[in-house]
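A structural walkthrough
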Amino acid sequence: EAAKEFGFEQDLIKILASNPESYLLTKLIARLFKGRDISQILATADKIPLVPDTIETMRELKNRGYIVGIISDSYDAVAHHLKTKIGADFAITNELEFSNSIATGEVKVPSYFVRTENSKCNHGYCKSNVMINVAEKYKIPLGNIIAVGDSENDICMVRLAGIGIAFCSDNHILNSVADYQITDRSFKKILDFAS
């Protein structure tokens with residue numbers, strides 16, 4: 001959506017087509033935001049409709065005692081905005097740098113994403129590493145975590161969680177490693193798996 005809104009679709013396609021490594025992609029895509037005001041970025045994010053039952057589902061999960069969070073390889077400004085909007089407990093993402101509310105084109109990647117001796121996969125940069133850190137922080141066994149993802153970058157996280165859910169995904173590998181697939185745009189079905 002940002003690529004369309006800010007006119008860098010072709011640049012984004014070139015970056016995605018020529019760089020398979022997640023860390024490098026994160027750095028190169030951040031450069032495309034250079035000079036953009038944070039209010040422009042958040043206004044663009046607000047144009048993307050939420051899954052209709054997101055807020056109600058998050059509220060019910062929290063009522064059942066779940067800690068709800070966002071792990072994203074996107075940017076913190078948008079993720080924290082979304083966290084507030086849906087009532088999540090945390091958001092862990094890459095930090096798009098701003099100076100006087102203007103994006104510098106630089107990004108900081110939190111060490112949570114980086115492979116350590118506790119990692120369960122061989123990727124140097126992976127959302128599953130964040131999930132492991134979150135599990136340690138909140139003292140939750142991985143077997144008690146529900147991870148929901150929709151893309152290739154979610155495969156390890158969904159595979160390692162106690163319950164892994166592929167949400168409206170066209171990624172065949174993610175769909176095959178997930179315990180469950182949700183194919184309609186509704187988070188409500190997560191409640192069926194959350195006791």
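Structure report, in brief. (Residues numbered from 1 in each chain as written. Predicted model: local features only at pLDDT ≥ 70, side-chain atom pairs only at ≥ 80, totals over all residues. Heavy atoms only, no water.)

Quick look at the pairing of strand E4 (residues 146–149)
Residues Ala147 and Gly149 of E4 are buried on one face, while the alternating residues Ile146 and Val148, pointing to the opposite face, are not. Pairing geometry for E4 and strand E5 (residues 163–167), over four bridges, is parallel. Looking at the pairing, Ala147 lines up with Gly164 of E5. As a crossover connection, the stretch from E4 through helix H8 (residues 155–160) into E5 is right-handed. (Buried < 20%, exposed > 50% of the residue type's maximum accessible area, 1.4 Å probe, protein only. Helix = DSSP H or I, 4+ residues; strand = E, 2+ residues; numbered from the N terminus. Pairing = 2+ DSSP bridges. Right-handed = clockwise from strand over helix to strand, strands pointing away.)

Looking at the sheet that holds E5
With parallel pairing, three strands are arranged side by side in an open sheet as E4-E5-E6. Of all strands in the sheet, those bounded by a partner on one side alone are E4 and strand E6 (180–182). Within this sheet the neighbouring strands show an average axis-to-axis angle of 25°, counted without direction. Relative to E6, E5 runs parallel, the two being bridged by three bridges. Looking across to E6, one finds that Ile165 is bridged to Tyr180. (Axes fitted to C-alpha atoms, helices over the stretch in contact; angles between N-to-C directions.)

Quick notes on the pattern of salt bridges
Here the structure, examined in full by the defined rule, presents six salt bridges. For Asp154, the salt bridge is made with Lys127, and the minimal N-O distance between the two is 2.6 Å. Here Asp154, found in the loop between E4 and H8, pairs with Lys127, found in helix H7 (residues 127–138); they are 27 residues apart in sequence, far enough to count as distant. (Salt bridge = Lys/Arg side-chain N within 4 Å of Asp/Glu carboxyl O.)

Side note on the environment of Lys14
Of note, Lys14 is situated in helix H2 (residues 9–18). On the basis of relative accessible area, Lys14 is assigned to the exposed category, the value being 56%. Between the C-alpha atoms of Lys14 and Ser99, which are 85 residues apart in sequence, the distance is 27 Å.

A few points about the sheet that holds strand E1 (residues 69–75)
Spatially, E1-E2-E3 is the arrangement adopted by the three strands of the open sheet, whose pairing is mixed. Unpaired on one side and paired on the other, E1 and strand E3 (102–108) mark the two borders of the sheet. With strand direction ignored, the average angle separating the axes of adjacent strands in the sheet is 40°. Both strand E2 (residues 90–99) and E3 contribute to a ladder of four bridges, which runs antiparallel. The residue bridging Leu96 from the neighbouring strand is Val107, located in E3. Packing of helix H3 (residues 22–31) onto the sheet brings it into contact with E1, E2 and E3, and relative to E3 it is tilted by some 175°. Along the sheet face, H7 touches E1 and E2 and points at about 145° away from the line of E1. (Contact = heavy atoms within 4.5 Å.)

Thoughts on unusual backbone geometry
One non-glycine residue with positive phi stands out, namely Ser101, at about 70°. Structurally, Ser101 is set in the loop between E2 and E3. A relative accessible area of 37% places Ser101 in the partly exposed class. Its identity is not glycine, yet Cys168 carries a phi of approximately 45°, on the positive side. Inspection of the secondary structure assignment puts Cys168 in the loop between E5 and helix H9 (172–177).

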